[in-house]
Amino acid sequence: MTISYNWLSEYLPEKIEPEKLSKILTSIGLEVESMEAYEEVKGGLKGLVIGEVLECEKHPDADKLSLTKVNIGNGDALQIVCGAPNVAVGQKVVVATIGTTIYPTGGEPLTMKKAKIRGVESHGMICAEDEIGVGQSHAGIMVLPEAATVGTSAAEYFNTYSDIIFEIGLTPNRMDAMSHLGVAKDVCAYLSHHNKKDTHVKSPFKNNFKVDHQGLQIEVTIENAEACQRYSSVSLQGVTIAESPKWLQQKLKSIGLRPINNIVDITNFILHETGQPLHAFDADQITGQKVIVKNVTEATVFVTLDEKERKLSAEDLMICNAEVPMCIGGVFGGLHSGVTAATKSIFLESAWFNPISIRKTSFRHGLRTDAATRFEKGVDISNTVNVLKRAAIMIKEIAGGEIASDVIDVYLMPKQKTEVALKYHYLKKLSGKNYHGDTIKNILTSLGFEMIKEGMDEMWVKVPFSKPDITIAADLVEEIMRIDGLDNVEIPQMITIAPAVETLAHETAYKEKMAEYLVGQGFNEIFTNSITNSAYFTEETLQTTVKMINNLSEELNVMRPSMLETGLETIAHNLNRRNNNIRFFEFGKTYSTDGIGSYAENNHLCLFATGNKTENEWNAKAQKTDFYFIKGTVEKIIALVGLSVNEFSIITSEKLTTAVEVKVRNEVVGIIGEINKKTADKFDCKQPVFFADINWDKLMQLNKKNSISFKEIAKFPAVQRDLSIVVDKNIAYQQIEKTTLAAKLNKLKNVSLFDIFESEKLGANKKSMAVSFTFLDEEKTMTDSEIDGMMNKIIGAYEKELNAEIRK
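Residues numbered from 1 in each chain as written. Predicted model: local features only at pLDDT ≥ 70, side-chain atom pairs only at ≥ 80, totals over all residues. Heavy atoms only, no water.

Some details on the sheet that holds strand 40 (residues 719-728)
Link 1 in the chain: In spatial order, the strands read 41-42-40-43; together these 4 strands make up an open sheet with antiparallel pairing. Looking at which strands have only one partner, the edges of the open sheet turn out to be strand 41 (748-757) and strand 43 (805-806).
Link 2 in the chain: In this sheet, strand 42 (residues 766-775) lies alongside strand 41 in antiparallel orientation, the contact comprising 8 bridges. Within strand 42, the position partnered with F757 by the bridge is S768.
Link 3 in the chain: Seen against the sheet, helix 19 (residues 733-742) touches strand 40, strand 41 and strand 42 and runs at an angle of roughly 150° to strand 41.
Link 4 in the chain: The sheet contacts of helix 20 (residues 784-801) involve strand 40, strand 41, strand 42 and strand 43, and relative to strand 40 the element is tilted by about 15°. (Pairing = 2+ DSSP bridges. Helix = DSSP H or I, 4+ residues; strand = E, 2+ residues; numbered from the N terminus. Contact = heavy atoms within 4.5 Å. Axes fitted to C-alpha atoms, helices over the stretch in contact; angles between N-to-C directions.)

Structural notes on the layout of surface pockets
Which parts of space are left empty comes out when a probe the size of a water molecule is rolled across the atoms.
Link 1 in the chain: Looking at the largest pocket, its volume works out to about 1100 Å³.
Link 2 in the chain: Lining the largest pocket we find 32 residues, and of these K631, E635, F648, Y733 and E737 sit closest to its centre.
Link 3 in the chain: Residue assignment for the lining of the largest pocket shows that the elements contributing at least two residues are helix 16 (627-640), strand 36 (647-650), strand 37 (656-664), helix 19, strand 41 and strand 42.
Link 4 in the chain: For the lining of the largest pocket, the element with the most residues is strand 41, which contributes 9 residues.
Link 5 in the chain: Among the residues forming the lining of the largest pocket, the class breakdown is 18 nonpolar, 7 polar and 7 charged.
Link 6 in the chain: As a volume, the second largest pocket reaches approximately 760 Å³.
Link 7 in the chain: What lines the second largest pocket is a set of 27 residues, among which V264, T267, N268, H279 and L305 lie closest to the centre.
Link 8 in the chain: If you list the elements that add at least two residues to the lining of the second largest pocket, you get helix 6 (262-274), strand 16 (278-282), strand 21 (325-328), strand 22 (332-333) and helix 8 (370-375).
Link 9 in the chain: Per-element tally for the lining of the second largest pocket: the top contributor is helix 6, with 5 residues. (1 Å grid on protein atoms, 1.4 Å probe; cavity = no way out; pocket = protein on both sides within 12 Å on 5 of 7 lines; lining within 4 Å. Points joined across faces, edges and corners; volume = space filled by probe spheres on them. Nonpolar A, V, L, I, M, F, W, Y, C, P; charged D, E, K, R; others polar.)

In structure tokens, the structure reads:
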């Protein structure tokens, strides 16, 4: 939420310094995220001065340059070389003296220096309007009226507007603070409480509304009273559409709004002043002199103000004339009913629309307007007429014309104020502080609450319509604590807690353990968005994907069924910034549905690696990351949770090459592979990326089945033997490992591959694999004959099962 300091100060009974005001706002829960100076003209025209051209003659060495003498009011005339064709003696001009920095429109800042131009010294510059940021023209220097006083600063002459802009981090429930007047009310409540005297806002609402005649009567009918509970309107005739006055344009520009014309600017001003959206119709476009608030049939085509054709839903609330829709109620205007330069009569709308209806329509059509943002949070239903009258008076003052009808106020089912009870002991329980009954009463009444009754330990209040989020006692506690100052929350001397059992403690501990291990291995943890782009997935995958109903954008429209894609976005982001050696890990969730109302969330641990796994050193070259690096990391992770991989199975994958399933106790717990070229190209990854996806939920389930056991460390030495065998090229190490374990040698503790060699000398389609075996007898030292016996059993199995030959 953007708040102008100058604008806000107009509603406060006393001016508060910006820094102090920032602290007050933060203290009452309106956290000031930034406070920045605003200048209507960048640089504020500092250093620029009004001068008069005393002499002007041709430059001796340049036909298109003039040599001038300019009086800037300090006694000595400045010699300035000027290239403008319109410079002449007697002109009042804007001069940038040496050392002054100018900020050209759409250009880079430029600091004036003493310069020689074609051999003649120049001590400044006579400026065009675009060179100092006050206009667009560069046809020549800016010539001021004769009345301009020499020596006057340009900032004073042009009366440039400056301000302080607060950016407030507004929580979603604080609709009442989505306006300058709403923020001012909170500040006044704070001042009333802390200064111990009643402080009220300077109300912009004056009791000077007067109907000039009844020349433009437009009938209003509400057909959907649930979606539109109140609709107020008034008509004006004889208005003139033109630019807004300077003060109004300056206010809107300071908060980032572009002035359009006086009518639209007034409605925008009122919106940011009071929080109540308004809409101005060209009254001559209202066929039949009727306005009907209703829903239209499904798929009705409607052209909005941005000239786009939109197909309406039967749930969209429309503002219609006697024949056709004119506006999407509370969201966006229509192309053919809005205010134009030719408009002479205005129908002004101030309404209350159902927040749920507005939000659905806004997201359905992708129209996130200022009006929709406020309506969907709930505006003050009691204020529609007051705001309407203020806007009508402003239009009459600024755009001329006459108020040509009474205020029409259709309010079929008047709302009742919410009543809430607050017990004092409950207030103490939540706030940790004892408040006197009078203090509570004063704070709540200063915020607009109406007292119903007071008891010994209880107070009943009616909630103002401007605070639709206040429904329970805890909400009142928050209001009291805000105005007392969130910085004043007392720190208790003793904290009382109830012991609790953490059912997921072991999973959290293992996550922490994995994170520490991976960081130690050079990985960085990432957190990616759970919402992603459906374009990444096939139609088959999308059948079980959870789709967003009110997606934030066209690109973010599904809950991710896989963590691969969001991780690759991060990889691509880094690669595009020349961070080429990457190792990432992420704990996250994937989402799926069966399409009939059942949903599932699954926890995963994913690894991403690309580039080099080691850097260049003086004694070693850099090594590329490969499949076996990621595979080894996965094996270590599984070992750290007390499990071991019993099988790696090669599978086919839509997005991976060399894809391998990881099995623990014959259950699939993950997949490893290299991203294939098609997927890599989609994410603009121009180097190999390796990926591992571990089903964390499955891993934790298997971990829970573990039983802890221990045994004494063996006292006797282990024995290692190596064996080199020649096998067919299509034999994988996994087959060798399986054959070895099938021999069921209890004293064989470990088997591992340490070399692969291929050569034509071995035979066609043959390769040599060197395997290492570790034997251990925990009760005695093993003899050579025992070891030879076991080795012979292994060799026999290899010859029989794998058709292997033993290399001598």
